[in-house]
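Residues per chain, in single letters:
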Amino acid sequence: MWMRKISLLLCSLILVIMTACSSSLGGDAKTVDPDKAEEAVNAPAEATNEQPTNDSSSQGVLTGTSEMDFDMGGRTIKWVSWYDESIQEDNPDNIERKHNLEELMKKHNFKMEYVVVDFGEYQDKVTASLVAGEPIGDIIRVARPWMIPTLVNQGLFAPVDEYTKNEKVFIQQYTNEYSQYEGRGYGFRTGINGASSGIFYNRTLMNQLGMKPLQDYVNEDNWNWGTFIQVAKEANKDSNNDGKLDIWGLASASLLVPAMASNEANLVILDQQGLEDPKTLEVLNFLSRLATESVGRPTEGGDWTEPGLFFRQGNTLMVAGSDYEMENFKQDMPDYDIGFLPFPRGPSASSYHSHNTIPNYLTIPSAVEHPERLVYIYEKINDIDSIYDYPKQSTLETLFSNEDDIQNAKLAGESIKVIDTESGYPSMPYYEFIGEIMEGIPVSTVVEKYKGPFQAAIDAVWKK
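Residues numbered from 1 in each chain as written. Predicted model: local features only at pLDDT ≥ 70, side-chain atom pairs only at ≥ 80, totals over all residues. Heavy atoms only, no water.

(A) Up close: the pattern of salt bridges. One pass over the structure, following the stated rule, counts 26 salt bridges. Between E276 and K451 there is a salt bridge, and its shortest N-O distance comes to 3.2 Å. On the criterion of sequence distance, the pair formed by E276 in the loop between β11 (272-273) and α12 (278-292) and K451 in helix α19 (residues 443-462) is long-range, its members being 175 residues apart. Taking the shortest distance from any N to any O, the salt bridge between E293 and R289 comes out at 3.0 Å. The class for E293 is partly exposed, based on a relative accessible area of 34%. Each of E67, K107 and K380 takes part in a single network of salt bridges with overlapping partners. (Salt bridge = Lys/Arg side-chain N within 4 Å of Asp/Glu carboxyl O. Helix = DSSP H or I, 4+ residues; strand = E, 2+ residues; numbered from the N terminus. Buried < 20%, exposed > 50% of the residue type's maximum accessible area, 1.4 Å probe, protein only.)

(B) View of the nonpolar core. Counting 54 residues, the largest nonpolar core has L214, W223, L256, L287, L317, M318 and F433 as its most contacted members. In terms of residues, this core owes the most to one element, α19, which gives 8 residues. (Core = buried A, V, L, I, M, F, W, Y, C linked by side-chain atoms within 4.5 Å.)

(C) Seen up close, the pairing of strand β4 (residues 110-116). Bridging between strand β3 (residues 75-81) and β4 involves 7 bridges; their strand directions are parallel. Bridge assignment links T76 to a residue of β4, and that residue is K111. (Pairing = 2+ DSSP bridges.)

(D) How the structure looks around the sheet that holds strand β9 (residues 248-250). Spatially, 4 strands are ordered β9-β12-β8-β13 in an open sheet, and the strand pairing comes out mixed. This sheet does not close on itself; its edge strands, each paired only once, are β9 and β13 (338-342). Each strand of the sheet is rotated relative to its neighbour by a mean of 25 degrees, with strand direction disregarded. In this fold helix α17 (residues 403-412) packs onto β8 (197-202) and β13, with an angle of close to 30 degrees to the strand it touches most, β13. (Axes fitted to C-alpha atoms, helices over the stretch in contact; angles between N-to-C directions. Contact = heavy atoms within 4.5 Å.)

(E) Structural view of the confidence of the model for the protein. With 86% of its residues at a pLDDT of at least 70, the protein reaches an overall mean of 87. Taken together, the stretch residues 1-61 has pLDDT below 50 and engages in 184 contacts with residues farther than four places along the chain or on a different chain. (pLDDT = per-residue confidence, 0-100.)

(F) Focus on the sheet that holds β4. Taken together, 4 strands build an open sheet; the order of strands is β4-β3-β5-β15 and the sheet is mixed. Of all the strands in the sheet, just β4 and β15 (360-363) have a single pairing partner and so form its edges. Each adjacent strand pair in this sheet contributes to an overall mean axis angle of 25 degrees, direction not counted. Strand direction decides the pairing type here: strand β5 (residues 139-143) and β15, joined by 4 bridges, are antiparallel. If you follow V142 over to β15, its bridge partner there is Y361. Strands β3, β4, β5 and β15 of the sheet are contacted by helix α15 (residues 371-382), whose axis makes an angle of about 70 degrees with β3.

(G) Looking closely at the packing of aromatic side chains. Per the counting criterion, the structure on display carries 28 aromatic pairs. Arranged with centres 6.5 Å apart and planes meeting at 80 degrees, the rings of Y450 and F454 form a pair that is edge-to-face. Within this pair, Y450 and its partner F454 are both found in helix α19, separated by 4 residues, close to a single helical turn. Of the two residues, Y450 and F454, neither departs from the other in class, the shared state being buried. Among the aromatic residues, those joined into a ring-pair cluster are Y217, W223, W225, F228, F286 and F343. (Phe/Tyr/Trp six-rings, centres within 6.5 Å; stacked < 30°, edge-to-face > 60°.)

(H) Spotlight on unusual backbone geometry. Between I148 and P149 the backbone carries a cis peptide bond, its omega angle lying at 5 degrees. Relative to the elements of secondary structure, P149 occurs in the loop between α5 (144-147) and α6 (150-153). Phi is positive for E264, which is not a glycine, with a value near 60 degrees. As for its placement among the helices and strands, E264 is situated in the loop between α11 (256-262) and β10 (268-269). Note on E264: relative accessible area 26%, which makes it partly exposed. Of note, S294 is a non-glycine position whose phi angle comes to about 50 degrees, a positive value. Assignment of secondary structure puts S294 in the loop between α12 and α13 (306-312).

Here it is, written out as structure tokens:
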């Protein structure tokens, strides 16, 4: 276990900086604001033996694309990203991936070049190259809001869903959900779904307050919005009897994005605003209750970092966050035992969920010949027998030392819901909307006021 922890320490550091990454081949673009969280035509194959088909066992389990025989003629495949995605031989799995790549380069006569473009310039450079018909690369990492619907509508990306059936390699959500447009999937990705989001809590403070262990709520399958509010209120204390709270249960009640994910709701449903959807209304009423019942610690006028700063003071029980933040909590709070729980389950959800607002994945421009070959190469690089029990094991075992926390993070990361915000709809009055909910203005009033502007922002993107 310790060897595994050491070998993938680099990956956990990368997670903290920008991306959630289980290997050099995966990643999640994230904004720094925790409320925002944390991306045609196929050229036909020339011969029958180049068409990807999938072998199946007697139980119908997909085992991978059949071997393909083709010669790339010495071509250099350019793999473009905002970070270095070259395979680092830093653990047994990556050593096997690197070996697979070397064998594929010999067999199919190609070279691989990894191109890094500064994130600040990335979207503009990629978009300009695609529109000009001269793609910056053959395989390009893209965030969903940059491409769907505008660039996909122009036929600038090749659909890849018919080549990504190998469930051992490809995360099906990324192709069939996150990158889908009009029934086709345009992105692919292996490794992990992304960061596990949930609730960090101060176990030391919990014990000092004599509270029921929060892990018990998960063990009892009773960790939901109701028990969450109950716990937060129980921890709100005036410890010195001066008439003012000096211990708080929740660092901030502004939890729109994780709450939406936890109830399987969304602000945008296809090309329509989702404010009037029953699941969304449940979320908004939950947030309104947090605000009107003064459940969360009041702001002191700080920015988006304030909840984390409150939590680090040691007098606040819970704060919402993502698994990669644990590294900094451990460094900043050495005298406290910090735990991790999934975000509490909403009334319309049957399981726990993490969230993402800007999913990203690999794509292939439609101007690139033979996309099926490129997806095949990617698949065969990553078609390995991992030494780990599950994809994120080494990262979680590095971040967490408590087995319950590891299992909670694993559980939370098994399903990631993408929540549409102003990241994909720039004219959406997102923060104004949240602000009025958190001021305690009646939900019905806020929804009636903002449903029109939200739809206008969506129409502006979808060109309605």
